Amino acid sequence: MANTLTEVLPKLLAQGLMALRERAIMARLVNSAYSLTPGVKGSTVDIPIPSAITVNDVAPATTPQAHTDFTPTSRSIVVNQWKEAAFAMTDKDLEEAMNGTIPMQASEAIKGLANTVDSHILSKYTALYGYGGAGGTTPFASNLSEYVNARKEMERNLADPDPRFTVIDEDAEANALLLSNLLQAEQRGDQDTIINGRIGRILNA
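Quick notes on the rules
- Each chain carries its own residue numbering, running from 1 in the direction its sequence is written.
- Per-residue local features are limited, in this predicted model, to residues with pLDDT of at least 70; the limit for side-chain atom pairs, both in listing and counting, is 80 or more; totals at the level of whole chains, interfaces and linings are taken over all residues.
- Side-chain figures throughout are based on the complete set of non-hydrogen atoms in the structure, without hydrogens or water.
- Helix and strand assignments come from DSSP, with helices taken as H or I runs of at least 4 residues and strands as E runs of at least 2, each series counted from the N terminus.
- The globule rule is 2.2 Å times the number of residues to the power 0.38, and the radius of gyration it is compared with is taken over C-alpha atoms.
- When accessible area is computed with a 1.4 Å probe and restricted to protein chains, residues below 20% of their type maximum are described as buried, those above 50% as exposed, and intermediate ones as partly exposed.
- Two residues form a contact once any of their heavy atoms are found within 4.5 Å.
- Think of a salt bridge as a Lys or Arg side-chain nitrogen and an Asp or Glu carboxyl oxygen that are within 4 Å of each other.
- Cavities and pockets were defined on a 1 Å grid built over protein atoms only: a cavity is a set of grid points that admits a 1.4 Å probe from which the probe cannot escape, a pocket is an open set flanked by protein on both sides within 12 Å along at least five of seven lines, and lining residues are those with an atom within 4 Å of any such point.
- Grid points are joined across faces, edges and corners, and a volume is the space filled by probe spheres set on the points.
- Any residue that is not Ala, Val, Leu, Ile, Met, Phe, Trp, Tyr, Cys, Pro, Asp, Glu, Lys or Arg is counted as polar, Gly included; the first ten are nonpolar and the last four charged.
- Residues enter a nonpolar core if they are buried and are Ala, Val, Leu, Ile, Met, Phe, Trp, Tyr or Cys, with the set joined through side-chain atoms within 4.5 Å.
- Multiplying 1.5 Å by the helix residue count minus one yields the expected span of that helix.
- Throughout, the arc means the angular range of directions from the helix axis out to the C-beta atoms.
- Pairing of N or O atoms within 3.5 Å defines a polar contact, subject to two protein rules: one partner must be a possible hydrogen donor and the other a possible acceptor, and residues neighboring in sequence count only if both atoms are side-chain atoms.

Caption draft 1: Structural context of the overall build of the chain. Helix and strand counts for the chain come out as eight helices and two strands. In the chain, the succession of α and β elements from N to C terminus is α-β-β-α-α-α-α-α-α-α. Compactness check: the chain gives a C-alpha radius of gyration of 24 Å against a globular reference of 17 Å for 205 residues, more than 25% above the reference. Dimensions of the chain, computed from the C-alpha atoms along their principal axes, are close to 80 × 50 × 30 Å. Within the chain, the proportion of its 205 residues that are buried is 17%. Contacts spanning at least 24 positions in sequence make up 63% of the contacts within the chain whose residues lie at least 6 apart.

As structure tokens, then:
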């Protein structure tokens, strides 16, 4: 039996988009400014890459000083991901969606799509340059040194300070939530961590 979704679809999409944004972390952190319109599968997005420019001493003269030619390049990213998480909706599900509640099955579908997006983005980091801590070792066991060292590498490699984000897993979060630097209000400057269990913004990130 086919369901009529004309009335419920806009509300379901609106509720689903909100849930997707809450769960899909990496999609909000990557640079998506090069193409505001989603392309069809198989299309490409061109990312411009500027070339370095040589700095010379200024030598006043009647003729223009010779300049170094530069050749900007670009990198094409293929839109090759097209996913779905299909499910059926009962009359009860339709009623819940119309009343502003995402049905459980729809919520699971959205969660699955969000996890797939995050996993796909993280899988693109096949090699890391400029890092702090040791691979395979959960950070923040006793202090924030891994974060500070990673921040030092970011500064050394001239990474823009804003925007800059830190993404950690549940094990690293559990360690960090026990550090006195985050728990004690006289060090942290607020009580958000000890009251709400949130790390929030620390050390300018």
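Caption draft 2: A look at the pattern of salt bridges. The tally for this structure, following the rule as stated, stands at two salt bridges. Measuring nitrogen to oxygen at the nearest pair gives 3.1 Å for the salt bridge that ties E153 to R156. Here E153 pairs with R156, and both are found in helix α4 (residues 145-156), just three residues apart, close to one helical turn. You can call E153 buried: its relative accessible area is 17%.

Caption draft 3: Broad picture of the layout of surface pockets. Quantified by volume, the second largest pocket comes out at close to 1,800 Å³. Lining the second largest pocket are 40 residues, and of these Y125, L128, F165, T166 and V167 sit closest to its centre. Secondary-structure elements contributing two or more residues to the lining of the second largest pocket are α3 (104-123) and α4. Of the residues that constitute the lining of the second largest pocket, the class distribution is 23 nonpolar, nine polar and eight charged.

Caption draft 4: Representation of the nonpolar core within the structure. Ranked by size, the top nonpolar core spans nine residues in total: F140, L144, Y147, A172, A176, L179, L182, I199 and I202. With six residues, the next largest nonpolar core counts V8, L12, M89 and L94 among its residues.

Caption draft 5: Structural detail: helix α1 (residues 9-23). A rise of 1.5 Å per residue sets the reference length of α1, with its 15 residues, at 21 Å; its end C-alpha atoms lie 21 Å apart and thus fit the reference within 8%. Taken residue by residue, α1 has L12, Q15, G16 and A19 as its buried positions. One face of α1 carries all of its buried residues, which in axial projection span an arc of 100°. Those residues of α1 that are exposed and aimed more than 90 degrees away from the buried face are P10, L13, M18 and R21. Contacts from the buried residues of α1 go to α2 (91-98) and α3.

Caption draft 6: Focus on α2. Taken as a whole, α2 has its buried residues at D93, L94 and A97. Projected down its long axis, α2 carries its buried residues within an arc of 100°, all on one side. Opposite the packed face of α2, turned more than 90 degrees from it, sit the exposed residues D91, K92 and E95. Tucked inside the fold, the buried residues of α2 contact α1. Trailing α2 by a residue or two, G100 shows a phi angle of about 90°, which is positive.

Caption draft 7: Expanded view of the side chain of R164. With respect to the helices, strands and loops of the structure, R164 is situated in the loop between α4 and α5 (170-176). Residue R164 is classed as buried on the basis of its relative accessible area of 12%. Here E155 takes part through its side chain, which lies 3.1 Å from a polar atom of the side chain of R164. Separated by 3.4 Å, the side chain of R164 and the backbone oxygen of D160 make a polar contact.

Caption draft 8: Inspection of the environment of R75 at higher detail. Here R75 is to be found in strand β2 (residues 73-78). Through-space distance from the C-alpha of R75 to that of E170 is 34 Å; in sequence the pair is 95 residues apart. Not counting the four nearest positions on each side in its chain, R75 is found in contact with V45, D46, I47 and I49.

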